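Read off the chains here:
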Amino acid sequence: MLDSLHIKNFRMLEDFEVKKLGRLNLIVGKNNSGKSTVLEALRDYAMNIEPIPIGFIPTEFIPLDDLAKIWDSIIFTEHEEIVKQAIKIIAPDFENIAFILNEDNQRAAIIKMKNIPRPISIKYLGDGMLRIFQIAIQLVSAKGGFLLIDEFENGLHYSVQEKIWTLLFEMAEKLNIQVFATTHSWDCIESFTKVAILHKETEAVLFHMGRSVRNSDKGRVIATVYDKDALTMVTQSDLDIR
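Each value, and the rule that gives it
- Residues numbered from 1 in each chain as written.
- Predicted model: local features only at pLDDT ≥ 70, side-chain atom pairs only at ≥ 80, totals over all residues.
- Heavy atoms only, no water.
- Helix = DSSP H or I, 4+ residues; strand = E, 2+ residues; numbered from the N terminus.
- Buried < 20%, exposed > 50% of the residue type's maximum accessible area, 1.4 Å probe, protein only.
- Salt bridge = Lys/Arg side-chain N within 4 Å of Asp/Glu carboxyl O.

Our next topic: unusual backbone geometry. Even without being glycine, asparagine 32 reaches a positive phi, approximately 65°. Topologically, asparagine 32 is positioned in the loop between strand 3 (24–29) and helix 1 (35–49). Its relative accessible area of 71% is what places asparagine 32 among the exposed residues. For glutamate 151, which is not a glycine, the phi torsion comes out positive at approximately 55°. Inspection of the secondary structure assignment puts glutamate 151 in the loop between strand 8 (146–149) and helix 5 (158–174).

Written out as structure tokens, the structure is:
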């Protein structure tokens, strides 16, 4: 697990440093401040520098055919139950999930719900279901490595975000994963803060990215770090995240 981060000459990040990281890290800042670039740098590091397992969730939806390949590898393992636990956050009446071939010869996910006699396509349950499914699939793929989530809140109603953070805090410890997520949402920041405070034994950090106003920095992107003790100050501040 990384305890700090230093990125040099990677895209817009000339000399970017985060002096303290946690097991779970939430990255905030205005558009084009470099949040996604940090995830790209971590992904390149994991894939090309160190042989580190990685789960990556982009802003757009991952094709179900790709997720099906991961699902095949976790059936009948403890990881299958973690994915099902995550699905129940969105759909408490969920019973089971399977992949079938559709008319285009692509793998498609179907879900069995209580009190519904026939399985239905996962897509009928909305963007929130698709988002939590891909988060859960990539979570178990990241065991012993990094889970990278770009724009955590995409497709997720604010009312379920706290439950998803709770799952991530618990599974990050169990599976030895370090989580990095970006957000534009105050709801996401508030739910992350609430769960972080409750999980006293798990180190959590929020860092804000923005251009330095000091002449000596020449406007380079810098990070302001808020550890668990300072997180409550963030939710009461006027931090610019858009």
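Now, onward.
Turning to the pattern of salt bridges, a few remarks are in order. Under the defined criterion, the tally for this structure stands at ten salt bridges. The partner of arginine 11 in a salt bridge is glutamate 40, with the nearest N and O atoms 2.6 Å apart. One end of the pair, arginine 11, is in the loop between strand 1 (5–10) and strand 2 (13–18); the other, glutamate 40, is in helix 1, and 29 residues separate them in sequence. The exposure class assigned to arginine 11 is exposed, which follows from its relative accessible area of 62%. Here glutamate 40 falls in the partly exposed class, since its relative accessible area comes to 31%. Close ionic contact of glutamate 95 with lysine 112 constitutes a salt bridge, the shortest N to O distance being 3.5 Å. With a gap of 17 residues between them, glutamate 95 in strand 5 (residues 94–101) and lysine 112 in strand 6 (residues 107–113) connect regions that are remote in the sequence. Overall, the relative accessible area of 25% leaves lysine 112 in the partly exposed class. One network of salt bridges, with partners in common, ties together Lys20, Glu203 and Asp227.

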